Amino acid sequence: MTDAAASRALAAPSAEGALAALARRAEAVAIPLGALLAGVAAFSLFLALLGHSPAEFFALVWRGGFGTAFSWENTLSRAAPLLLAALCVALPARLGLVVIGGEGAIVLGGLAAGATAMVVGWAPGALGLPLMALAAMAVGGAWIGAVGWLRHHRGVNETIASLLMAYIAIALLNHLVEGPLRDPASLNKPSTPPLPDWLRIGEIPGVGVHWGLAFGALACVLAWVLIERTRWGFAARIAGGNVRAAQLQGLPVGALILGFTALAGAMAGLVGFFEVAAVHGAANGSLISGYGYAGILIAFLARHNPLAIIPVAVLVGGLEASGGLVQRRMDLPDATVLVLEGMVFVAILLGETLYGRFRMFRPELWGRA
Amino acid sequence: MSETDLGLWGVPLAMLAGAIRVSTPFLFVSLGECLTERSGRINLGLEGTLVFGAMAGYAIAYETGSPWLGVLAAAVCGAGFGLAHGAMCSLARVNDIAIGIALMLLGMGLAFFFGKPYVQPVAPDLPSIPFGFWSDIPQLRAALDVNALFLVGVALALAMAWMFRATRIGLVIRATGDGAEAARALGVDPVRVRTLATAAGGALAGVGGAYLSLYYPGSWNEGISSGQGLMAVALVIFARWKPVNCLWAALLFGGAGALGPALQSVGVTGGYYLFYAAPYVLTLGLLIAASSPSRALAGAPAALGFNR
């Protein structure tokens, strides 16, 4: 250490500590943003090679997703279910689990909400809606919780099991809405009976988007608090790093896995609840919407940080909202958005290799770590 | 030819026919995944590779008029995806499971993007060999109409088992799967072995996709695959990473997948969707039975981290 550096360290240790922490934070923001830009650049090259204008594409995405009040409304209503669907991936990820079958908990959560409404149709909204939400969360939580239980107690690979269970869940939904739970009046599209008006969820005043958006954002904030500010979140992170070490520390790894996966499934179940109570008005095949799979993308892009899920979900919501406009104006297939999402997904994952490689982000360069 | 009334005998017969027909993509994808996992990597992206292979095979078969050129194109594209997966996973701290999920999404996106103009046109089918020529019963003849690609798959399973057991390449792949150190002791670069094994596995998955679009169901659309690529990954675990077991497992899955349509053909229509879910339930059940929390999975390549 030179004299100058030594005197600086003595003079302002706290400022340097702050700088060092800032360097680490900056890395966590700069690398994903750089990867996002790299993915966008790769996609632009892809479009240009095929003779389409990337500039026109992104101008249309801007107009279709974020340009007007109407497009914002469209974007936010697509983002609402994605917030909760992404939590279904991000929460188990804290424990090192890759759960990709949230779609199953979404459709069964929606089915549970629709079936509960058949029983509590007499109840006022203040009683009936919470009961429906609870049923959806319970079923979704049990579904993904079972994945966690199988992982911990039977050693079953959670990624494959959750996905297989998503296919089983979709078959269950189809079977039940075409059979025992079917409203005889639903002819073309088999559904549970339509919800009475008092069991429908309305829009947030002045926003034009249903209340699922507010609940989703709140859930993301609460999930962040759970992970970053509570001992359960801390314990989960240790268990995610090294199960053996966590067990030696006396941490209840089995209970943590069960709790986090069940909570994740409850979030996905809520997606189904809002889809039924706020969007479709009954449980039917429309619940199979792919939100569970979009949630995987969002959780990974947000690097499983619940707070980062909020902007990423809005971004993906806007991208998907603009799909129709891009399709009409540029005569591109609707899968164009999927290609862009895939390229950005790959780029973000490749960015993982860059952490710690840039000198300017090293905390020791800026003072004490 | 008129249908002969076989009564309930039609169910096992239709399941046998279905087992052979439906199992071929499972067989190719699981052999590909088996090869990749034996080298110590997991490629979850084979679902995307399968869908892209289905599209590429169909498009090339349509443009050239030759279904076999389509199969070749699907294999080349699959190898490309495998190579990409292998190369990316060679970077430090890049997770093979996550990259697999991302490539699954990208592969499907690219397949739907380039496949849009090919949803309408009709491409030539792959030929099949009528082993049932001696029978007068049309259902039996249909059941024994075996596609050439299935036979290629059977031969491949046997050849791969022999390769693992008796050849230097097989030894190198097995050693790499046991760990990077073992590979280096043999004088080979583990990263290179894994990348090549992933590329070869991708090529096989691509061929599996071409079977879907060029034989059964025999057309290209966005719903061509219903998770076969992912089920094949589970199937490899159940098959204990042995190629010949992959063949039996693929036939079992094919039979389960044919249960719903077979029952429907004899007039059982109730619970159609539940029978449709049979392969998934079977896969999950076998996965649970094959897994174990305490002891290491028998036959699992050590480098896979299945025993963490």
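Computed from a prediction, not measured in an experiment: that's the story for all the values here.

Chemist: Provide a residue-level description of the overall build of chain A, including the pertinent values.
Modeler: Scanning chain A for helices and strands turns up 15 helices and zero strands. Here chain A has a C-alpha radius of gyration of 23 Å; the compact-globule value for 369 residues is 21 Å, and the two agree. Principal-axis analysis of the C-alpha atoms places the extent of chain A at approximately 85 × 60 × 40 Å. Evaluated residue by residue, chain A yields a buried proportion of 52% over its 369 residues.

Chemist: Quick rundown of the overall build of chain B? Include the residues and the values.
Modeler: Scanning chain B for helices and strands turns up 13 helices and two strands. In terms of overall size, chain B behaves like a compact globule, its C-alpha atoms giving a radius of gyration of 20 Å where 308 residues would be expected to give roughly 19 Å. Reported as C-alpha extents along the three principal axes, the dimensions of chain B are approximately 65 × 45 × 35 Å. Burial analysis of chain B (308 residues in total) assigns 55% to the buried set.

Chemist: A description of helix α12 (residues 291–301) of chain A should follow, citing residues and the corresponding values.
Modeler: Turn by turn, an α-helix covers 3.6 residues, leaving residues three or four places apart pointing in a common direction. Taking burial as the measure, the 11 residues of α12 of chain A include 11 buried ones, the bulk of the element. All of the buried residues in α12 of chain A are Y291, G292, Y293, A294, G295, I296, L297, I298, A299, F300 and L301 of chain A.

Chemist: Explain the interface of chain B and chain A to me, using residue names and the numbers behind them.
Modeler: In this assembly, 39 residues from chain B lie in contact with 38 residues from chain A. For the side of chain B that touches chain A, the element with the highest residue contribution is helix α4 (residues 96–115) of chain B, accounting for 13 residues. The residue makeup of the side of chain B that touches chain A, split by class, is 31 nonpolar, six polar and two charged.

Chemist: Which residues make up the packing of helix α4 (residues 69–93) of chain A against helix α5 (residues 102–119) of chain A, and what values do they have?
Modeler: All names here are of chain A. Viewed as axis vectors pointing N to C, α4 and α5 meet at an angle of 135°, and their least axial separation amounts to 10 Å. Taken together, the axes of α4 and α5 are oblique relative to one another. For the pair α4 and α5, the crossing hand works out as right-handed. In this structure, α4 contributes A85, C88 and V89 to the contact, and α5 contributes G102, A105 and I106. Here the contact of α4 with α5 is composed, by residue class, of five nonpolar, one polar and no charged.

Chemist: Lay out the nonpolar core with the relevant residues and their values.
Modeler: For soluble globular proteins, nonpolar side chains are generally found buried alongside one another. Counting 242 residues, the largest nonpolar core has L83, A86, L87, I298 and I309 of chain A together with L235 of chain B as the members making the most contacts within it. Here this core spans two domains, and each of domain 1 (1–52 + 356–369) and domain 2 (53–331) of chain A adds at least three residues to it. If near-sequence neighbours (up to four positions away) are discounted, A86 of chain A is found in contact with G295, I298, A299, A302, I309 and A313 of chain A.

Chemist: Describe the domain arrangement of chain A, with residues and values.
Modeler: Residues and elements named next belong to chain A. According to the domain assignment, chain A contains domain 1 (1–52 + 356–369) and domain 2 (53–331). Distance from the C-alpha centre of domain 1 to the C-alpha centre of domain 2: 33 Å. Per-class residue counts for the side of domain 1 that touches domain 2 are three nonpolar, two polar and no charged.

Chemist: Describe helix α7 (residues 158–178) of chain A, and please don't skip the residues or the numbers.
Modeler: An ideal rise of 1.5 Å per residue puts 30 Å on 21 residues; α7 of chain A measures up with 30 Å between its terminal C-alpha atoms. Counting buried positions along α7 of chain A gives 18 out of 21 residues, so the element sits mostly inside the fold.

Chemist: Residues and numbers for unusual backbone geometry, please.
Modeler: The step from Y216 of chain B to P217 of chain B runs through a cis peptide bond, and the omega angle for that step is 5°. Topologically, P217 of chain B is positioned in the loop between α9 (190–214) and α10 (228–238). Although it is not a glycine, H304 of chain A sits at a positive phi angle of roughly 65°. Its location among the elements puts H304 of chain A in the loop between α12 and α13 (306–321). With a phi close to 60°, W241 of chain B is a non-glycine residue in the positive phi region.

Chemist: For the UniProt feature "transmembrane region" (unreviewed entry) in chain B, give the residues involved together with the corresponding values.
Modeler: All names here are of chain B. The sites that UniProt annotates as "transmembrane region" (unreviewed entry) are residues 6–32, 44–62, 68–85, 97–115, 146–164, 246–266 and 272–290. Across residues 44–62, helical content stands at 89% and strand content at 0%; the span's end C-alpha atoms are separated by 29 Å. Structurally, residues 68–85 comprises 100% helix and 0% strand, and the distance from its first C-alpha atom to its last is 26 Å.

Chemist: I'd like a rundown of the environment of I257 of chain A, residues and numbers included.
Modeler: Residues and elements named next belong to chain A. Within the secondary structure, I257 is located in helix α11 (residues 253–280). For I257, a count of 26 C-beta atoms within 10 Å corresponds to the buried category. For the pair formed by I257 and H152, sequence separation is 105 residues and the distance between their alpha carbons is 7.3 Å. For I257, the contacting residues outside a window of four places in its chain are L95, G148, R151 and H152.

Chemist: Give a description of the packing of helix α6 (residues 125–154) of chain A against α7 of chain A that names residues and reports values.
Modeler: For any two helices packed against each other, one specifies the crossing angle of their axes together with the interaxial distance. All names here are of chain A. Direction vectors running N to C along α6 and α7 enclose 145°, while the axes themselves pass 10 Å from each other. With respect to the hand of their crossing, α6 and α7 are arranged in right-handed fashion. Judged by residue contacts, W143, I144, V147, G148, L150 and R151 of α6 engage E158, A161, S162, M165 and A169 from α7. In terms of residue class, the contact of α6 with α7 is built from seven nonpolar, two polar and two charged.

Chemist: How would you explain the environment of P261 of chain B if you had to name every residue and give the values?
Modeler: Within the secondary structure layout, P261 of chain B lies in helix α11 (residues 243–265). Taking C-alpha positions, P261 of chain B is 8.4 Å from F275 of chain B, a pair spaced 14 residues apart along the chain.

Chemist: A description of the environment of E181 of chain B should follow, citing residues and the corresponding values.
Modeler: Residue position: E181 of chain B is located in helix α8 (residues 180–185). E181 of chain B sits 10 residues away from L171 of chain B along the chain, and the two C-alpha atoms are 14 Å apart.

Rules used in this analysis
Positions within a chain are numbered from 1, following the residues in the order the chain's sequence is written. All chains are assigned letters beginning at A, and all ligands numbers beginning at 1, according to the order in which they are written. For this predicted model, a pLDDT threshold of at least 70 governs which residues receive local features, and a threshold of 80 or more governs which side-chain atom pairs are given and counted, while totals over whole chains, interfaces and linings are taken from all residues. Secondary structure elements are taken from DSSP: a helix is a run of H or I of four residues or more, a strand is a run of E of two residues or more, and numbering for both begins at the N terminus. Atoms counted for the radius of gyration: C-alpha only. Globule rule: 2.2 Å times residue count to the power 0.38. Working definition of burial: number of other C-beta atoms within 10 Å of the residue's own, with buried at 20 or more, exposed at 12 or fewer, and partly exposed in between, all C-beta atoms being placed from the backbone. Here the contact rule is simple: place C-beta atoms from the backbone, and any two residues whose C-beta atoms are within 7 Å are in contact. Under the scheme applied here, ten amino acids are nonpolar (Ala, Val, Leu, Ile, Met, Phe, Trp, Tyr, Cys and Pro), four are charged (Asp, Glu, Lys and Arg), and all others, including Gly, are polar. Here the axes come from fitting lines to C-alpha atoms, over the contacting stretch only for helices, and the angles between their N-to-C directions go from 0 to 180 degrees. Roughly parallel covers angles under 35 degrees, roughly antiparallel covers those over 145, roughly perpendicular covers 65 to 115, and oblique covers all other angles. Here a crossing is taken to be left-handed if its near helix is turned anticlockwise relative to the far helix by less than a right angle, and right-handed if that turn runs clockwise. For this entry, the nonpolar core is defined as buried Ala, Val, Leu, Ile, Met, Phe, Trp, Tyr and Cys residues connected by C-beta atoms within 7 Å. Where each domain starts and ends comes from a domain assignment, either automatic or drawn from a database. One less than the residue count of a helix, multiplied by 1.5 Å, gives the span that helix is expected to have. UniProt positions are given in the numbering used here, feature names are shortened, and annotations may be inferred rather than shown by experiment.

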